[in-house]
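Secondary and tertiary structure notes
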Amino acid sequence: MNFTTAQSNLFDPAATGVAVAPAPAMIKLTDIEKVYQTKTIETVALNRVNLTINKGEFVSIMGPSGCGKSTLLSIIGLLDEPSSGQVEIAGRPVTSYSDKELAGLRNQKIGFVFQSYHLINDLSVLDNVELPLLYRRSVSGQERRQRAHAALDKVGLSARTSHFPSQLSGGQRQRVAIARALAGNPELILADEPTGNLDSVMGEEIMDLLLHLNRHEGVTIVMVTHDEHQAQKTERVIRFFDGSQVS
Ligand SMILES: Nc1ncnc2c1ncn2[C@@H]1O[C@H](COP(=O)(O)OP(=O)(O)OP(=O)(O)O)[C@@H](O)[C@H]1O
Ligand SMILES: [Mg+2]
């Protein structure tokens, strides 16, 4: 199998060879349960969740602390496995993908953005954005640099490439984190409270940036937020309570 070709089409239903109409969802979760078992307590973090994410959507996920939002993002992002239930990608259960294909999806098709940015303080802005591309053997040093510059341009930080994270505002740091996700050309961005550490003005800026990426760059976005105002700007709001979807 030509892995590179197959992998680059994994989110493209037409390329799966399955003639289905309508096109399968990018991600489909069926009856997902996630139970965390520690010595003293069993926590049902997700309780029979059914959820479909289609290509091009911007979906927000809301709900009180501890209701399972981050757990859900980890499962959608293939960072964690459910205790039971099925995850399908482009119409195929994840169990039918090889480990290599799944690693390819995780690393190349999905970008992650977190509340606390997760930048490396000892690296410049440019080096932070380039870092994930270092793990892709197919990307040359020159291309890496070009892609990092292009991503920083998209988030409006071309003038800050040699700054260090400590020299930036919170909003700018989050832009760097978004550029780092974008440099990999992801089809799906999973953002866990991306504006949670920002004041409302900076939060709005980040939200506008995400909306722009969704509308003009075609990136599918799933965002956890506590901010009703921001959630209302997205196409669909999914609400959770105690591990269950309530609307
Ligand atoms: N690794 C783990 N081991 C045990 N329990 C866990 C683990 N991760 C999460 N939990 C529990 O699962 C539940 C859901 O956690 P999760 O982090 O998904 O919530 P959340 O909705 O993202 O909350 P917040 O809004 O505070 O970020 C919580 O009760 C949490 O304590
Ligand atoms: Mg969380």
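Summarised in this report is the structure supplied together with it. Note that residues are indexed from 1 along each chain, following the sequence as it is written. All chains are assigned letters beginning at A, and all ligands numbers beginning at 1, according to the order in which they are written. Per-residue local features are limited, in this predicted model, to residues with pLDDT of at least 70; the limit for side-chain atom pairs, both in listing and counting, is 80 or more; totals at the level of whole chains, interfaces and linings are taken over all residues. Only hydrogens and water are removed before side-chain values are computed, so all heavy atoms of the structure are retained for them.

Our next topic: the packing of aromatic side chains. For Phe, Tyr and Trp, rings pair up if their centres lie within 6.5 Å, where Trp contributes its six-membered ring, and each pair is then called stacked (planes under 30 degrees apart), edge-to-face (over 60) or tilted (otherwise). All told, the structure shown has 1 aromatic pair when counted by the stated rule. Where F112 meets F114, the ring centres are 6.2 Å apart and the plane angle is 5 degrees; that geometry is what we call stacked. When the ring centre of Y97 is taken as origin, the NZ or CZ atom of R92, which lies over that ring, is 3.9 Å away. By the criterion adopted, a ring carries a charge over it if an Arg CZ or a Lys NZ lies within 6 Å of its centre and within 35 degrees of its normal.

The next thing to look at is the site of ligand 1. Around ligand 1, the surrounding shell holds 13 residues, and the nearest of these are S65, G66, K69, S70 and T71. Two N or O atoms count as a polar contact when they lie within 3.5 Å, although within protein this holds only if one can serve as hydrogen donor and the other as acceptor, and sequence-adjacent residues are included solely when both atoms are side-chain atoms. Backbone polar atom of G68 to an oxygen atom of ligand 1: 3.0 Å apart, as the coordinates give it. Take K69: an N or O atom from its side chain is 2.7 Å from an oxygen atom of ligand 1. All accessible-area figures derive from a Shrake-Rupley calculation using a 1.4 Å probe, and residue coverage is judged against the displayed protein chains alone. When the free accessible area of ligand 1 is taken as 640 Å², the share hidden by the protein chains comes to 61%. Where helices and strands are cited, they refer to DSSP runs of H or I of at least four residues and of E of at least two residues respectively, numbered from the N terminus. Mapped onto the shell around ligand 1, the elements with two or more residues apiece are β2 (42–53) and α2 (69–76). The biggest single contributor to the shell around ligand 1 is α2, with 3 residues. All amino acids are sorted into three groups, where Ala, Val, Leu, Ile, Met, Phe, Trp, Tyr, Cys and Pro are nonpolar, Asp, Glu, Lys and Arg are charged, and the leftover types, Gly among them, are polar. For the shell around ligand 1, the residue count by class is 4 nonpolar, 7 polar and 2 charged. Near, as used in this document, describes a residue that has one of its heavy atoms within 4 Å of the molecule or strand being considered.

What follows deals with helix α7 (residues 200–217). Working rule for helices: expected span equals 1.5 Å times residues minus one. A rise of 1.5 Å per residue sets the reference length of α7, with its 18 residues, at 26 Å; its end C-alpha atoms lie 25 Å apart and thus fit the reference within 8%. Note on classification: 1.4 Å probe, protein chains only; a residue is buried when its accessible area is under 20% of the maximum for its type, exposed when over 50%, partly exposed between these limits. Those residues of α7 lying buried are G203, I206, M207, L209, L210, L211, L213 and N214. Contact between two residues is taken to exist if any of their heavy atoms lie within 4.5 Å; hydrogens are not considered. For α7, the secondary structure elements touched by its buried residues are β3 (58–62), α5 (141–154), α6 (170–183), β8 (220–224) and α8 (228–231). Backbone geometry just after α7 places G218 at a positive phi near 70 degrees.

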